[in-house]
Amino acid sequence: MNMVLNLSAEAPGYWPDEFTDAWKQPPPAMMRQAVVERSKLTSTCMAFELHGQLDQLNEVISATNDVCRLGTEQVALNQDGELRDLKAKLRYD
């Protein structure tokens, strides 16, 4: 049975892959498949199994958000640095 949960927002392009990687590490004995597509998280399990995995799902979602947030911040810092370097090299003669 597929249990579908609504995420608070649509996942950015790389977020589902980050979630899937984190969900598979390390695999608990009774872990069920969980995939994210757009703003839906689908777990292939029974309702009682999903109830038992909610804490773990929330932890993985939070960890994935942290990883993606750090990646986004790093990209912004890199772009800022590149712009500063470019401005420093510009000469108006």
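Residues numbered from 1 in each chain as written. Predicted model: local features only at pLDDT ≥ 70, side-chain atom pairs only at ≥ 80, totals over all residues. Heavy atoms only, no water.

Caption draft 1: Seen up close, the sheet that holds strand β2 (residues 34-37). Ordered in space as β1-β3-β2, the 3 strands form an open sheet in which the pairing is antiparallel. The open sheet has two edge strands with one neighbour each: β1 (2-6) and β2. Put simply, the sheet's adjacent strands are angled 25° from each other on average, direction ignored. Taken together, the 4 bridges between β2 and strand β3 (residues 40-44) define a ladder with antiparallel strand orientation. Counted as the bridge partner of V36 is L41 from β3. Sheet strands in contact with helix α1 (residues 15-23) are β2 and β3, and its direction is about 170° off that of β2. (Pairing = 2+ DSSP bridges. Helix = DSSP H or I, 4+ residues; strand = E, 2+ residues; numbered from the N terminus. Axes fitted to C-alpha atoms, helices over the stretch in contact; angles between N-to-C directions. Contact = heavy atoms within 4.5 Å.)

Caption draft 2: Geometry of unusual backbone geometry. Although it is not a glycine, R38 sits at a positive phi angle of roughly 60°. Along the chain, R38 turns up in the loop between β2 and β3.

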